[in-house]
Amino acid sequence: MSVSTEGPSQIGRPLPRREDRRLLMGAGRFLDDIAIPGALHATFVRSPHAHARIVSIDAAAAASMPGVVAVVAGRDVAQWTTTQRMAPPIEGLLPTEMTTLPIDKVRFQGDLVACVVASDRYLAEDAAERVEVEYEALGAVADTDAALAEGAPLVDESLPSNLLSHQSFSSGDVAARMRGAHAVVEASFSQHRQTHMPIETRGCAAVWDDGRQHLTFYIGNQTPHPLRTQLARRLSLSESQVTVICPDVGGGFGQKIALYREELTVAALARQLKRPVRWREDRMENLQAACHARQAECRTRAAVAADGRILGLELQIVDDFGAYCFYPGNYIARVVALILTGPYRITDYAYDIKAALTNKCGVGPMRAPMAMTSWVMDGTLDAIARQLGLDPLAVRRANMLQPADFPYTMATGEVLEDITPSQTLEAVVAAIDYESFRRRQVQARAKGRHLGLGLCSVVESTTYGSLFYKAAGIPGSGHEAAWVRIEPSGAVNASVGLMGTGQGYETSLAQAVAEGLGVETSGVRVQLGNTDVAPYGMGSRGARGATAGGGALYLCGRKAQDHVLRIAAHMLNLNSAEALRLADARVQRLIAGAWVDTAIGLADVARLAYLDPQALPDGVAPGLDFSLTYDPPPMTYSNSAHACEIDLDPETGRIAILRYVVAEDCGAVLNPIVVRGQQQGAIAMGLSGALLEHVFYDEAGQNLSGTLADYLVATACELPNFEILRMHTPNKRTPLGLKGMAEGGVMGAIGALTNAVNDALAPFGVSADRQPLAAPYIRGLLRGRIPMTRTTA
Amino acid sequence: MNERTPIILSVNGVDHEVSVAPRRLLSDALRDDLGLTGTHVGCEHGACGACTVLIDDRPARSCLTFAIQMEGHEITTIEAVARDGAFSPLQQAMHEEHGLQCGFCTPGVIMTFEAYLRDNPDPSEEDIREVLSGNLCRCTGYQNIVAAVKKAAAVLRESRS
């Protein structure tokens, strides 16, 4: 006999990950670990110019080299593939179209020119060096100022200018608020270009079965089904002629979503050559030509009262979108603008957002596409504090939404509910002991040490439902699909349209199924990444995995449990399944307030359902197969507050992070071990990006950061341990109260670190308005400056 | 450049006859000629550390080593760390402390510290971070890897005492 335990039994358990075993033993199976007999190797010839016409391509010498099977260029591949058109119905966004490989001109250094296929990778790379390309160099635009200048060279000659996208919005009367304000505070934020740098670069392998007319495409990708749709369409194949298989993936962070031109070329070549073709990009290609992210120039103007309250706020963003559109050009800036005001009460708000094409690698979403949001918002609050001589914490408290304010409709119409920004802020302020820090800071300054403390509150948009897509004009949806199958033995298999790149799905999603079905997590296997096995879902992006994917699996598990109990009731000669439940794969009955084991288990029901269907209740079909789709609310939000303490050395400009505390409220969690790992990883990525990482182009559009000695990523020596305060306010609209998380850490880290630097810089009368916060930049700010004795009134 | 030379590669205690071109990387020979795909290649320029193996018990970048130079040397890869299917103390600690997410850098991290902990049974956190700085991890932020190395060191000290 067992007594009812309230609340979930499977989710929320800190189960170690089941995927670890293979990964720790060197038995993982990443793309390059898949042996494909007879596979040819592709390598790409890339442009050395930022912008140039392709005058001629002479592949004769390359094609005659031993082992070389084919050399193809843009015109060849255009015969086998269709173009990509990006033309969603979004006002102010110009439609763009690209061929699979460029035909007439290249648009950035590293752009594609030709593809060489040979019997091994060494020979393919030898031959690529022998492809002779004649270019006519064109003027290049290497930043948005140059791109938007009168008479600038056109990146895309089908467009009237390089202004790809322009939208504006206004709510309330911002101009009136400016006129009536105690002060108007202006601040600027320059976010530098970064790239995802997954530790496994991109790659793929295409196997064309000419007899069956079927393509099997192996690729590490976050969204297998949407990728298959794209791949089939652009090869003019049916979706039933393409199988996408994602093996273990060495990190994605948003880089592995789009169907890239290299991948489509490899698939087309496998079909044309009727031989398997595989491709692995090298690190330089990954850094220069895979996908970049983040670059934006941003300004705010805030009308404020004497106590620091914001009466009205204006935002301007100019995104540097690079040379090609793999996503709608307004998409990233729009999310920043939509959620900018986050945890603060700001009723009068206006934004103006632009995206410009430049002669640089195209950009896409990178873990927290809206990463700069919280830096811009809390950085604006810090600018207000500096200008008005107020304490930054006091300015936050004066503006912050309080528990009684929720649900709260933001000026943009977005609804915030079930979030706790004032609680996370106060928790982090208490944990880092803000008041005593201020005393220590004064004492340290007296000794010539410059400590800084930065705060940053985050409201993270996590799960986007189909209604969000519809409202944004973006084709696609935010729903997710799942199936659960109980096998004749009672073993449980399940699948969902997500694909993991390190998130521990095989463990945490099994917990969601187990919770819904009423079995131990160890009895559930989750299969992901094979489009012949998984249901058509939207994949892994944003922070949708737990809510959309976990939610769908949980609901599907519930559906399965209801069905199993209906059969069990019949087996137990009961009229109804109402007083029955499945727990640990046993059917239990509620008798006098206690759950009592019956003689029946899941395996007994399964045996009946498969092998003795005549014994099933009337109207119940044989087998135990379940599926469903789940469409989350238009948007779910998590929230957090970050506090970062640093020591800034004015002599060298070096920043040492002394302490990092975060309070995060991400609702119910599937697996706290996995969630903690995601929190640590997200903060680390934010700090690394704000401190070190920089995709650097010179004025001519040459990329100078093509190795990991130039594109610096934080090592264990630059990062601190993270102190995490956990909060779990459930979302009332989602299954189990899930909210999603894993991007907010990036948002908060970027802001908290920069705010800490500015706190340390305050006595010098300077502030940092750009990243990365590299030592030479900090030194440049401080040159000729001496510290003043007091920083705030 | 592409002419092949037969050599003996001694890997995980087993001698393998392979025929390699002089420029063939050890990482490629291990993965593609011997099928030992646990060694991962992350950057091919010695920066990321994913390809770390032991050459005569010392950590080395297999992407910066030519296979043809390895005759007469003993190479150890991730496949030889577990014994009879059981985790080493470091692998066990990495599992318990959630020291890996995507797992691509993990073999390199493990090879680095299997060697390090043999010679340094009681490292400080600063020591561990210094050594770990030769291995890039994009997922974890390193905190749990550091915790795992500390735990493994304690287990190893216990087992030796």
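See the structure printed just above.
Residues numbered from 1 in each chain as written. Chains lettered and ligands numbered in written order. Predicted model: local features only at pLDDT ≥ 70, side-chain atom pairs only at ≥ 80, totals over all residues. Heavy atoms only, no water.

Chemist: Any details on the side chain of A:S374? Residues and values, ideally.
Modeler: All names here are of chain A. Its location among the elements puts S374 in helix α11 (residues 372-388). Here S374 falls in the buried class, since its relative accessible area comes to 4%. Ignoring anything within four residues of it in the chain, the contact list for S374 reads G379, C456, S457, V458 and M747. (Helix = DSSP H or I, 4+ residues; strand = E, 2+ residues; numbered from the N terminus. Buried < 20%, exposed > 50% of the residue type's maximum accessible area, 1.4 Å probe, protein only. Contact = heavy atoms within 4.5 Å.)

Chemist: Give a detailed account of the sheet that holds strand β1 (residues 40-46) of chain A, specifying residues and quantitative values.
Modeler: All names here are of chain A. On the basis of which strands lie adjacent, the open sheet formed by seven strands has the order β3-β7-β1-β15-β12-β13-β14 and mixed pairing. Here the strands that pair on one side only, and so sit at the sheet edges, are β3 (68-73) and β14 (242-245). Direction aside, neighbouring strands of the sheet carry axes that sit 20° apart on average. In this structure, β3 lies alongside strand β7 (residues 112-118), joined through five bridges in antiparallel fashion. Directly across from V71, in β7, lies its bridge partner V116. Relative to the sheet, helix α4 (residues 121-130) contacts β1, β3, β7 and β15 (277-280), its axis offset from that of β1 by approximately 25°. Across the sheet, helix α7 (residues 224-234) lies against β13 (214-219) and β14, angled at about 145° from β14, the strand it touches most. (Pairing = 2+ DSSP bridges. Axes fitted to C-alpha atoms, helices over the stretch in contact; angles between N-to-C directions.)

Chemist: Can you explain the side chain of A:T144? Please cite residues and give values.
Modeler: Residue and element names in this part refer to chain A. Looking at the secondary structure, you find T144 in helix α5 (residues 144-148). Among the residues examined, T144 registers a relative accessible area of 8% and is labelled buried. Setting aside residues no more than four positions away along its own chain, T144 makes contact with E297, V318, D319, D320, A356 and T358.

Chemist: Quick rundown of helix α20 (residues 744-761) of chain A? Include the residues and the values.
Modeler: With 18 residues, α20(A) extends 26 Å between its outermost C-alpha atoms, agreeing within 8% with the 26 Å of an ideal straight helix rising 1.5 Å per residue. With 18 of 18 residues buried, α20(A) is to be regarded as a mostly interior element. (Expected span 1.5 Å × (residues − 1).)

Chemist: With reference to specific residues and values, describe the interface of chain B and chain A.
Modeler: Opposite the 47 residues of chain B that make contact, chain A presents 53 residues. Counting the surface lost from both chain B and chain A, the interface buries some 4,200 Å², and carbon and sulfur atoms represent 54% of this. Our count for the contact surface shared by chain B and chain A stands at four salt bridges. The partner of A:D33 in a salt bridge is B:R31, with the nearest N and O atoms 2.8 Å apart. Summed over the shared surface of chain B and chain A, the result is 25 residue pairs in polar contact (both at pLDDT 80 or more). Ranked by the residues each element gives to the side of chain B that touches chain A, the list is headed by helix α4 (residues 125-132) of chain B, at four residues. (Buried area = accessible area lost by both parts, 1.4 Å probe. Salt bridge = Lys/Arg side-chain N within 4 Å of Asp/Glu carboxyl O. Polar contact = N/O pair within 3.5 Å; in protein donor to acceptor, adjacent residues only side chain to side chain.)

Chemist: Outline the nonpolar core, supporting the account with residue identities and numerical values.
Modeler: All names here are of chain A. Among the nonpolar cores identified, the biggest contains 185 residues, and I646 and L753 are the most heavily contacted of them. The element contributing the most residues to this core is α20, with ten residues. Not counting chain neighbours up to four residues away, the residues in contact with I646 comprise H450, L451, G452, I655, A656, I657, L658, L753, A756, V757 and A760. A510, C556, A560 and F626 belong to the second largest nonpolar core, which has 45 residues in total. (Core = buried A, V, L, I, M, F, W, Y, C linked by side-chain atoms within 4.5 Å.)

Chemist: Lay out the packing of helix α2 (residues 89-96) of chain B against helix α3 (residues 106-119) of chain B with the relevant residues and their values.
Modeler: All names here are of chain B. Two elements in contact, α2 and α3, have axes whose closest approach is 10 Å; the angle formed by their N-to-C orientations is 135°. With respect to α3, the axis of α2 lies oblique. Once α2 is placed against α3, the crossing between them reads as right-handed. Two secondary-structure elements touch here, α2 through L90, Q91 and M94 and α3 through T106, V109, I110, F113 and E114. Residue composition of the contact of α2 with α3, by class: five nonpolar, two polar and one charged. (Parallel < 35°, antiparallel > 145°, perpendicular 65-115°, else oblique. Left-handed = near helix turned anticlockwise from the far one by under 90°. Nonpolar A, V, L, I, M, F, W, Y, C, P; charged D, E, K, R; others polar.)

Function cannot be read off these values alone, since they describe shape.
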